[in-house]
Amino acid sequence: KLNITHAFYEAIGRDTFNQIANRATRINAQMAAAELSMDYDYLRFRTSVFYSSGDSKPTDGTARGFDSILDNTSFAGGKFSFWNSQAIRLTQTGVALVESRSLLPSLRSSKTQGQANFVNPGIYIYNAGVDVDVTQRIKAIFNFNHLRFHRTEPLEYLLFQNNIRHDIGEDLSVGVAYRPRLINNVTLNFGASMLKPGRGFRDIY
């Protein structure tokens, strides 16, 4: 009756030179995600939480902010989510707060060409949503996400700015998946999303 999806990752290793810490770093970072859902007739109600660790001491030689190669997640709204679908750049830094097709605020220049960066703020994402099978061909997807930084010290260090708060904001999205031939080989997706900035997002920009 209750569908459970979960994952846990730990990144361990060594970075010979991290550009934010300006030194070699030892990597020890974690990511966890869990989703609970329940089906009721043509409705699926979902709630989920996503966590990636952040680095509280950007220059201490231990990198605790989780990063990935290219996550491209179908989680917490997936491609319909504003936070997951839009690359949000940090002004005058040459890096992005978050890259397109990623949930991780990894402070990288590019997901496809830039080097992985494990000195980053990390994130908490709390999600609630519902999927509606309108017809056999059409599915509507509604999502609400509340986003918070795990740590803000890497942002304060990178932007030379004190007292950046943790609240990123609320991400609201709606999507429609249309399968014209009743198979998953051909799917047309339409969606709209918005981010209502929180205090931490306003501090940065």
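Residues numbered from 1 in each chain as written. Predicted model: local features only at pLDDT ≥ 70, side-chain atom pairs only at ≥ 80, totals over all residues. Heavy atoms only, no water.

Caption draft 1: Looking closely at the nonpolar core. By size, the foremost hydrophobic cluster in this structure holds 34 residues, and its most contacted members are Phe50, Trp83, Leu97, Ile125 and Leu155. Of all the elements in the fold, those that place two or more residues in this core are strand S2 (23-40), strand S6 (96-98), strand S7 (123-133), strand S8 (138-149), helix H2 (153-159) and helix H3 (199-204). Broken down by element, this core gets its largest block of residues, four residues, from S2. Ignoring sequence-local partners within four residues, the contact set of Leu155 consists of Leu90, Leu97, Leu107, Pro121, Phe149, Ile164 and Ile204. (Core = buried A, V, L, I, M, F, W, Y, C linked by side-chain atoms within 4.5 Å. Buried < 20%, exposed > 50% of the residue type's maximum accessible area, 1.4 Å probe, protein only. Helix = DSSP H or I, 4+ residues; strand = E, 2+ residues; numbered from the N terminus. Contact = heavy atoms within 4.5 Å.)

Caption draft 2: Expanded view of the pattern of salt bridges. Taken as a whole, this structure holds eight salt bridges when the rule is applied. Notably, a salt bridge pairs Asp39 with Arg44, separated by 2.6 Å at the nearest N-O pair. The exposure class of Asp39 is partly exposed, given its relative accessible area of 41%. The residue Arg108 makes a salt bridge to Asp67 at a minimum N-O spacing of 3.1 Å. (Salt bridge = Lys/Arg side-chain N within 4 Å of Asp/Glu carboxyl O.)

Caption draft 3: Looking closely at a positive patch on the surface. A cluster of basic residues, Arg23, Arg26, Lys57 and Arg64, forms a positive patch on the protein surface. Among the structural elements, Arg23 can be located in strand S2. (Patch = residues over 30% accessible without salt bridge, like charges linked within 9 Å, V, L, I, M, F, W, Y side chains within 5 Å. Areas by Shrake-Rupley, 256 points an atom, 1.4 Å probe, with all protein chains shown as cover. Lys, Arg positive; Asp, Glu negative; His and termini not counted. Charge placed at Lys NZ, Arg CZ, Asp CG, Glu CD.)

Caption draft 4: Structural detail: the pairing of S2. Sheet analysis places strand S1 (residues 2-18) next to S2, joined by 15 bridges and oriented antiparallel. Across the sheet, residue Asn3 finds its bridge partner in S2, namely Ser37. Taking the residues between adjacent antiparallel strands as the criterion, S1 and S2 are bridged by four residues, where Asn22 takes a positive phi near 60°. The sheet contact formed by S2 and strand S4 (residues 62-63) spans two bridges and is parallel. When the sheet's bridge partners are listed, Arg26 is paired in S4 with Thr62. As defined by bridge partners, S2 adjoins strand S3 (residues 43-52) across ten bridges and the pair is classed as antiparallel. (Pairing = 2+ DSSP bridges.)

Caption draft 5: Layout of the packing of aromatic side chains. Inspection of every chain in the model, using the stated rule, returns four aromatic pairs. For the pair Phe50 and Phe75, a centre-to-centre distance of 6.2 Å together with 55° between the ring planes defines the contact as tilted. Here Phe75 lies in the loop between S4 and helix H1 (82-85) and Phe50 lies in strand S3, a separation of 25 residues in the sequence. Pair check on accessibility: Phe50 and Phe75 agree, each one buried. Joined through ring pairs, the aromatic side chains of Tyr51, Tyr124 and Tyr126 make up one cluster. (Phe/Tyr/Trp six-rings, centres within 6.5 Å; stacked < 30°, edge-to-face > 60°.)

Caption draft 6: Expanded view of a nonpolar patch on the surface. Together, Val134, Ile138, Val176, Leu188 and Phe190 line one region of the surface with nonpolar side chains, adding up to about 400 Å² of accessible area. Positionally, Ile138 belongs in strand S8. Residue classification places Ile138 among the partly exposed positions, given a relative accessible area of 30%.

Caption draft 7: Structural detail: the environment of Ala32. The residue Ala32 is located in strand S2 in this model. Each C-alpha atom of the pair Ala32 and Ser52 lies 6.5 Å from the other, and the pair is 20 residues apart in sequence. Look past the residues within four positions of Ala32 in its chain and what remains in contact with it is Ala7, Phe8, Val49, Phe50 and Tyr51.

Caption draft 8: Spotlight on unusual backbone geometry. Of note, the phi angle at Asn22 is positive, near 60°, even though the residue is not glycine. Positionally, Asn22 belongs in the loop between S1 and S2. A relative accessible area of 55% means that Asn22 is categorised as exposed. At Asn163, a position not held by glycine, the phi torsion is positive, near 60°. For Asn163, a relative accessible area of 65% translates into the label exposed.

Caption draft 9: How the structure looks around the environment of Glu170. Relative to the elements of secondary structure, Glu170 occurs in strand S9 (residues 167-178). In this structure, the C-alpha to C-alpha distance between Glu170 and Leu104, residues 66 residues apart in sequence, is 16 Å. Discounting chain neighbours no more than four positions away, the residues touching Glu170 are Phe144, Asn145, His146, Leu147, Met194, Leu195 and Lys196. A distance of 2.7 Å separates the side chain of Glu170 from the side chain of His146, its partner in a polar contact. (Polar contact = N/O pair within 3.5 Å; in protein donor to acceptor, adjacent residues only side chain to side chain.)

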